[in-house]
Amino acid sequence: MSPLNVELSLVYAVVNPRLAPLLIAAAVGAVAAAPFVLATIGRRRRARARTAPRVRIVRPAPGPAAPEEGAAREDGRDDPISPGRRRFFAAVGAAAGGLAAAIVAVPFLGVLFAPVRRREGAVWRPLGALDDFPVGETVRVEFLDPAPVQWAGFAAQGAAWLRRERGQEFVAFSAYCTHIGCPVRWMPDANLFLCPCHGGAFYQDGAVASGPPPEPLFRHTVRVRDGQVEILATPIPLPTDRG
Amino acid sequence: MGILKRVWHWFDRRGGFSETIGPLARHKVPPETAEGKTGWFYVTGLGTLAAFIVQVVTGAALTTKYIPSTAHAYDSIIFITDEVTLGRLLRGMHYFGASAMVVLVCLHLIRVFLTGSYKFPRELSWLSGVALLLLTLTMAWTGQLLRWDQNGVWTVVVGAKFAARFPLIGEPFANFVLGGETVGGATLSRFFSFHVFMFPALIIAFVGFHLYLVVRNGISELPKAGQPVDPETYTAWYHEMVERRGRPHWPDAAWREIVVGAGVVAAIALLALVFGPRELSGPPDPSVLRANPQPDWYFRWYYALLAYKPRGLETFTMVYLPALAFLILVALPFVASRGERSLRHRPWAPVIVIATATVFLGLTVAGLRAPWVPAFETQPLAPETLGLRTDLAVEGARVYYAEGCQYCHAIAGQGGQYGPDLTDVRKRLPPAEMTIRIHNGFGQMPAYRDILTPEEVIAIVAFLDELSAGDVGAGNGGGGVERRGTRR
């Protein structure tokens, strides 16, 4: 994981299930304290306003000014609620609403962002017996994703282009075009990988031959073990230049 | 008093509808928005809303049969299209409804820009409109994906590749899009949730805010030269003007909007009946690599842009250019929140609209033609129809097709459009130059020095040099090839 992703630590904190109760507790605590903090700030500000010299701010009057309820009753003895208490009520209301939103947000964000943590899962997948691959021929191979879920159906399959160079030496190219990710296909007649989306072309060694692709085809790691060819199934290769 | 009237009164006394909604519906609007020809400018917003309502209704119906599972979605769409009563019409309406919404939201944007309606006090209307434009495009994109055919699968992959290019958050963003590291079991349900719950909820919220603002600030009056917007006086002036000369929105202006909205709905249904939904493009198996993914028509302009952009500008085109366009849209009401709204004082406004529309339309046409796509299905032309005289040229014709030159080059109308048409190439290039270009590549032409043997190159050049050469003297291509070959 690149150090740049540290910016996402907040997201990761939300994603981490062990931290969820802690986050909720923190939210509850913060929200419980909020009314008192807000009320205190309000008191200070009013105190400052009383001592500070008056500055007249002239604004265009937005229609006939409706008398504020609290202000109208300021001197009325029959209002049982003092302005300070009323402000406190407002702060309690806002804090309770915020608390409710925060509580619901934790599981929502947690599940929504759960996939951002890459599991670094590269898995060896079998491709077939060594003798099934004639030397010099580029063939399509299918293999299971590194971390498939049971119900994925055909979405669990990936594919790549594999060529036996000689003996036990293989080369495998990811089928994802390095331009925007469309599937390149090997054209045995032209000896090129061609991309159907924007006409990108790659030579048989994966180097860019033509069109918009910015980099050579990504290569998979292949090995031969006990006469079986295996490919290292990886996450979808992402562009290397993020500039 | 009739029974209906009494029921209405029962509800109205408790719901207070005629007290609240009545005055709201009849709020006064500037006269020119409610009369004659000028009234017809003010219908694009409701037209968009009508298309959105079609989308919500048809979309809700689609979810009763659609299965948001990577393994089953494709089959469920085939089932909806072929088996379900009116399913084909339903899918067609959802497809053309999306098209209508994209078109109308753009028309609405153009109208608001041309009338300068984004100025004070309507900046928030513009900004919420920008959000709705983005949401509409996102819905169009996720909708194309939910079709979950071959196109849908590769749409996700392309989306992940785009996301990966974002600075700092690239990799996590790509995983966020995929719902994991590959296209897999979690991918589709994710987009189903986005497309069906989250984005529509956001759209409804923004539409509500947008409409609230229209009532709050009033629809903008038709701009008049010499009446610049001054935030100090505009609101008071507007309210006074509307009070004095305004006309009730319902029904004076609203009937036009509703007629247009109904026209939009009817057009969507008609198009769906005549053309049907967009055809599915093969099963969503990511291991099938003989796929031709192409976006729906409303993204073809961008598809073309990606083909034409110079190599090296990937991240710029995929991240910074859209971000820049977004920033320009957001900045507009802040940069130009006051002053003249009339086109007479904003001559650049129609110029910008026409220039932008031309670029978009041109790119869309290019994207629909997509000449850069290799012509995988081209059949070889019979050598005897090409007027070839030498055996070498006939051999060249065989090699030409056997080596796939026709994927990018056309001869006599057969073949791809990516490279130049080679029917008359001998009139443009001497054989030596052809050889050099085949050998080393040229522009977008790959270098074939490691793919073709020298003999094959000689044959191809002889073939190209004899093409349409029936009326010209004997070609001397061989010499050129020989020279080039020996020099190497």
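Look a little higher up for the structure.
Rules of the game
- Residues numbered from 1 in each chain as written.
- Chains lettered and ligands numbered in written order.
- Predicted model: local features only at pLDDT ≥ 70, side-chain atom pairs only at ≥ 80, totals over all residues.
- Heavy atoms only, no water.
- Helix = DSSP H or I, 4+ residues; strand = E, 2+ residues; numbered from the N terminus.
- Contact = heavy atoms within 4.5 Å.
- Areas by Shrake-Rupley, 256 points an atom, 1.4 Å probe, with all protein chains shown as cover.
- Pairing = 2+ DSSP bridges.
- Axes fitted to C-alpha atoms, helices over the stretch in contact; angles between N-to-C directions.
- Salt bridge = Lys/Arg side-chain N within 4 Å of Asp/Glu carboxyl O.
- Buried < 20%, exposed > 50% of the residue type's maximum accessible area, 1.4 Å probe, protein only.
- Parallel < 35°, antiparallel > 145°, perpendicular 65-115°, else oblique.
- Nonpolar A, V, L, I, M, F, W, Y, C, P; charged D, E, K, R; others polar.
- Core = buried A, V, L, I, M, F, W, Y, C linked by side-chain atoms within 4.5 Å.
- Patch = residues over 30% accessible without salt bridge, like charges linked within 9 Å, V, L, I, M, F, W, Y side chains within 5 Å.
- Disulfide = S-S within 2.5 Å.
- 1 Å grid on protein atoms, 1.4 Å probe; cavity = no way out; pocket = protein on both sides within 12 Å on 5 of 7 lines; lining within 4 Å.
- Points joined across faces, edges and corners; volume = space filled by probe spheres on them.
- Left-handed = near helix turned anticlockwise from the far one by under 90°.

Colleague: I'd like a rundown of the overall build of chain A, residues and numbers included.
Modeller: A count of helices and strands for chain A gives 4 helices and 11 strands. Here the analysis covers contacts within chain A between residues at least 6 apart in sequence; of these, 52% occur between residues at least 24 apart. Taken as a whole, chain A presents about 14,100 Å² of accessible surface, with 61% of it coming from carbon and sulfur.

Colleague: Lay out the sheet that holds strand β11 (residues 228-233) of chain A in plain terms, naming residues and giving numbers.
Modeller: Residue and element names in this part refer to chain A. Strands sit in the order β1-β11-β10 across an open sheet of 3 strands; the sheet is antiparallel. A strand with exactly one partner marks an edge of an open sheet, and here the two such strands are β1 (123-129) and β10 (222-225). Ignoring strand direction, the axes of neighbouring strands in this sheet form an average angle of 35 degrees. Here 6 bridges tie β1 to β11, and the two strands are oriented antiparallel to one another. Each bridged residue has a counterpart across the sheet, and for Arg-125 the counterpart in β11 is Ile-231.

Colleague: Describe in detail the pattern of salt bridges, supporting the description with residues and values.
Modeller: A complete count under the given rule lists 17 salt bridges over all chains for this structure. Of the charged contacts in the structure, one is a salt bridge between A:Arg86 and A:Asp79, with a shortest N-O distance of 3.5 Å. The class for A:Arg86 is partly exposed, based on a relative accessible area of 35%. The partner of B:Arg426 in a salt bridge is B:Asp465, with the nearest N and O atoms 3.4 Å apart. With a gap of 39 residues between them, B:Arg426 in helix α16 (residues 425-428) and B:Asp465 in helix α18 (residues 454-466) connect regions that are remote in the sequence.

Colleague: Got a sec to walk through the packing of helix α12 (residues 300-308) of chain B against helix α13 (residues 314-335) of chain B? Specific residues and values, please.
Modeller: Residue and element names in this part refer to chain B. Where α12 contacts α13, the axes come no closer than 11 Å and their chain directions differ by 125 degrees. When the interaxial angle is binned, α12 and α13 end up oblique. Residue-level contacts link Tyr-302, Leu-305 and Leu-306 of α12 to Thr-317, Met-318, Leu-321 and Pro-322 of α13. Among the residues forming the contact of α12 with α13, the class breakdown is 6 nonpolar, 1 polar and no charged.

Colleague: Before we move on, could you go through the nonpolar core and cite the residues and values that matter?
Modeller: Grouped together as the largest cluster of nonpolar side chains are 82 residues, with contacts concentrated most on B:Tyr66 and B:Trp148. It is helix α7 (residues 150-164) of chain B that provides the largest number of residues to this core, a total of 9 residues. Ignoring anything within four residues of it in the chain, the contact list for B:Tyr66 reads B:Ala73, B:Ser76, B:Ile77, B:Ile80, B:Leu146, B:Trp148, B:Leu188 and B:Phe192. By size, the runner-up hydrophobic cluster in this structure holds 33 residues, among which are A:Ala209, B:Leu386, B:Ala397 and B:Ile438.

Colleague: For unusual backbone geometry, give the residues involved together with the corresponding values.
Modeller: Here B:Phe120 and B:Pro121 are connected by a cis peptide whose omega angle stands at 0 degrees. Relative to the helices and strands, B:Pro121 is located in the loop between α5 (87-114) and α6 (123-146). Note the cis peptide between B:Trp250 and B:Pro251, where omega equals 0 degrees. Even without being glycine, A:Asn191 reaches a positive phi, approximately 60 degrees. Tracing the chain through its elements places A:Asn191 in the loop between β5 (185-187) and β6 (192-194). Positive phi, normally seen in glycine, also occurs at B:Trp148, with a value near 50 degrees. Mapped onto the secondary structure, B:Trp148 falls in the loop between α6 and α7.

Colleague: Outline a nonpolar patch on the surface, supporting the account with residue identities and numerical values.
Modeller: Residues and elements named next belong to chain B. A cluster of nonpolar side chains, contributed by Ile-3, Leu-4, Val-7, Trp-8, Trp-10, Phe-11, Phe-17 and Ile-21, occupies part of the molecular surface with about 860 Å² of accessible area. Secondary structure elements with two or more residues in the nonpolar patch: α1 (3-15) and α2 (17-25). Ranked by residues supplied to the nonpolar patch, first place goes to α1 with 6 residues. In this structure, Trp-8 sits in helix α1. Accessibility expressed as a relative area gives 41% for Trp-8, which makes it partly exposed.

Colleague: Please provide a residue-by-residue account of the state of the cysteines, values included.
Modeller: Residues and elements named next belong to chain A. Inspection of the entire model under this criterion finds 1 disulfide over all chains. Covalently, Cys-182 is tied to Cys-197 through a disulfide, its sulfur atoms 2.0 Å apart. Handedness here is read from the sign of the S-S torsion; for Cys-182 and Cys-197, about -80 degrees, the answer is left-handed. Residue Cys-182 is found in the loop between β4 (169-174) and β5, and its partner Cys-197 is found in the loop between β6 and β7 (201-202); the two are separated by 15 residues along the sequence.

Colleague: Describe empty space enclosed by the protein, with residues and values.
Modeller: Vacant regions in the atomic arrangement are exposed by a probe of water-molecule size rolled over the atoms. All names here are of chain A. With the rule as written, the count across this model stands at 2 cavities of 30 Å³ or more. Ranked by residues supplied to the lining of the largest cavity, first place goes to strand β3 (residues 157-166) with 3 residues. Class assignment of the residues belonging to the lining of the largest cavity gives a composition of 12 nonpolar, 6 polar and 1 charged. Its boundaries defined by the atoms lining it, the second largest cavity holds a volume of some 40 Å³. Surrounding the second largest cavity, Cys-177, His-179, Ile-180, Gly-181, Cys-182, Cys-195, Cys-197, His-198, Gly-200 and Pro-212 form its lining. In the lining of the second largest cavity, the residues fall into 6 nonpolar, 4 polar and no charged.

Colleague: Hey, could you go over the packing of α5(B) against helix α11 (residues 249-275) of chain B for me, with residue numbers and the actual values?
Modeller: Angle between the axes and distance between the axes: these two values describe a pair of packed helices. All names here are of chain B. Two numbers describe how α5 lies on α11: the axes approach to 8 Å, and their chain directions differ by 130 degrees. One element, α5, and the other, α11, form an angle in the oblique class. Helix-helix and strand crossings are classified by hand; for α5 and α11 the assignment is right-handed. Note on element contacts: α11 touches α5 through Val-264, Ile-268, Ala-269, Leu-271, Ala-272, Leu-273 and Phe-275, opposite Arg-88, Leu-89, Gly-92, Met-93, Phe-96, Gly-97, Ala-100 and Leu-104. Grouping the constituent residues of the contact of α5 with α11 by class yields 12 nonpolar, 2 polar and 1 charged.

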